[in-house]
Structures are given as C-alpha cells and as structure tokens.
Amino acid sequence: FGVGTKPDQKAANALYLKAADAGYARACLVLGQIYLLGRGLDADLDTARIWFKRAVRILREEAEQGSVQAATDLYIVHYESQVLEDQSAEGMKWLRKAAEKKYPRALLLLGKALAEESGVEGSIEKGLAYIEEAATLHESDAHFLLWQMYRAGVGTPPDEQKAMDELNLAAR
C-alpha cells in the first residue's frame, strides 16, 4: 500500500476486488481481511465470511491438484482466521498433507501448532522436530522460532550456543 506513492486503501480494495473476481484466492483472502477489519470501508463480518469461503473453494481445488501452498493456506484460513465456523480439523488435514510433501512453511506451521498445543493432539517435542525440519529446508521463520525455543528450553534443554546459531541463520 503506497510504496512509492501516496497510500490509497480504496484504490487498493478495488484492485483486490478485480483480482478476486478473476479467481485469485489470495485476493479473496485479503478482501476477507479488509471486510473483517474495515480497512477503507465499513467492517462487515458477513461479507468477510463470503470472501473467506470463496477463497476456501479456490484453494481446495488447487490443493486437490497437489498445490502445497494452497493446502497450507487452507490451514491458515480454517485454523487461524477464527472467522469461519470451527473447522480446525479440515485445516489441519490440509496442513498435514503439505507437511508430508516437505513444504517448509507447512512444516513450520504444523510444528508451531503442536508445540503450542493449540487444539492439536501432539507434543512440544514433536513440534520442535517439525520446526527443525523446516529450518533444514531454509524456512527463515523456523530459525527464529528455534532461537526462541533453544534459548528458553522449550521441548529441549536450554542451549544458548544452538540458540545463537539459529538466530544467525535467521538473520541471513
């Protein structure tokens, strides 16, 4: 918004609408957030849900065709948006499919879900293992999270040297 120009939320919203009408799932997700938060227009939860549900339909088609990015985005919409009715199991199903294909972002998100025990059956140690695997696949956010976990001793004994190594990798 406004990089190299004056910010114009209404113009941005119009462009997102055009992209969403063309079938771009990410634009549908952004429109859902725009209506949810009331950015440049009145907040409208019902309209936000319509856009999120449209994004889910598009993402599901893409995920069924093998897109790990779409499968990961389905998790984010279902599990983290808190706008759609509780369908966290549906979101977790798609996240696990993407993680099975070693998609780094999916491994990170699955590891975080397990480590935080946010409604997901599992353990901190299993979560740590997924996060470590994401880091080996160069997911920079995984390195930062590992720095925090190693430093605080979450799922592993505290290890300041390992923590600093991960922080250095995250900074690259």
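About the thresholds
- Residues numbered from 1 in each chain as written.
- Predicted model: local features only at pLDDT ≥ 70, side-chain atom pairs only at ≥ 80, totals over all residues.
- Heavy atoms only, no water.
- Helix = DSSP H or I, 4+ residues; strand = E, 2+ residues; numbered from the N terminus.
- Buried < 20%, exposed > 50% of the residue type's maximum accessible area, 1.4 Å probe, protein only.
- Areas by Shrake-Rupley, 256 points an atom, 1.4 Å probe, with all protein chains shown as cover.
- Lys, Arg positive; Asp, Glu negative; His and termini not counted.
- Charge placed at Lys NZ, Arg CZ, Asp CG, Glu CD.
- Contact = heavy atoms within 4.5 Å.
- Expected span 1.5 Å × (residues − 1).
- Phe/Tyr/Trp six-rings, centres within 6.5 Å; stacked < 30°, edge-to-face > 60°.
- Lys NZ or Arg CZ within 6 Å of the ring centre and 35° of its normal.
- Salt bridge = Lys/Arg side-chain N within 4 Å of Asp/Glu carboxyl O.

Undergrad: Can you walk me through the overall build of the protein chain in this structure?
TA: Within the protein chain one finds nine helices and zero strands. Each principal axis of the C-alpha atoms in the protein chain carries an extent, and together these give about 50 × 40 × 25 Å. Here the protein chain holds 172 residues, and the buried ones make up 37% of them. Carbon and sulfur atoms make up 51% of the accessible area of the protein chain, which totals about 9900 Å². Seen as two clouds, the 21 positive and the 26 negative side-chain charges of the protein chain have centres 5 Å apart.

Undergrad: Explain the environment of Y130 to me, please; I cannot follow it from the model alone.
TA: Mapped onto the secondary structure, Y130 falls in helix α7 (residues 124-136). Residue Y130 is classed as partly exposed on the basis of its relative accessible area of 26%. Apart from residues lying up to four places away in sequence, Y130 is in contact with R96, L107, L110, G111 and L114.

Undergrad: Teacher, can you tell me more about helix α8 (residues 140-152) here?
TA: Three- or four-residue spacings in an α-helix give side chains the same orientation, since the helix completes a turn every 3.6 residues. Over its 13 residues, α8 extends 19 Å from the first C-alpha to the last, a length consistent with the 18 Å expected when each residue adds 1.5 Å. One or two residues past the end of α8 sits G153, with phi positive at roughly 75°.

Undergrad: Explain the packing of aromatic side chains to me, please; I cannot follow it from the model alone.
TA: To describe a pair of aromatic rings, you give the distance between the ring centres and the angle between the ring planes. Scanning the model with the defined rule gives one aromatic pair in all. A centroid spacing of 5.3 Å and a plane angle of 35° characterise the contact between F144 and W147, whose relative ring orientation is tilted. Of this pair, F144 and W147 both sit in helix α8, three residues apart, which is roughly one turn of the helix. Using a relative accessible area of 39% as the deciding quantity, one classes F144 as partly exposed. Lying over the aromatic face of W94, K97 brings its terminal NZ or CZ to 5.1 Å of the ring centre.

Undergrad: Just to check I follow, could you spell out the pattern of salt bridges for this structure?
TA: Side chains carrying opposite charge are able to pair once their charged atoms draw close together. For the structure on display, the rule yields nine salt bridges. We note a salt bridge from R54 to D21, for which the minimum N-O separation is 3.5 Å. Linking R54 in helix α3 (residues 45-64) with D21 in helix α1 (residues 9-21), this pair joins segments that are 33 residues apart in sequence. For R49, the salt bridge is made with D46, and the minimal N-O distance between the two is 3.9 Å. Taken together, the residues R49 and D46, both in helix α3 and three residues apart, mark about one turn of the helix. Residue D46 is classed as exposed on the basis of its relative accessible area, which comes to 53%. Residues participating in the shared-partner salt-bridge network are R60, E90 and K93.

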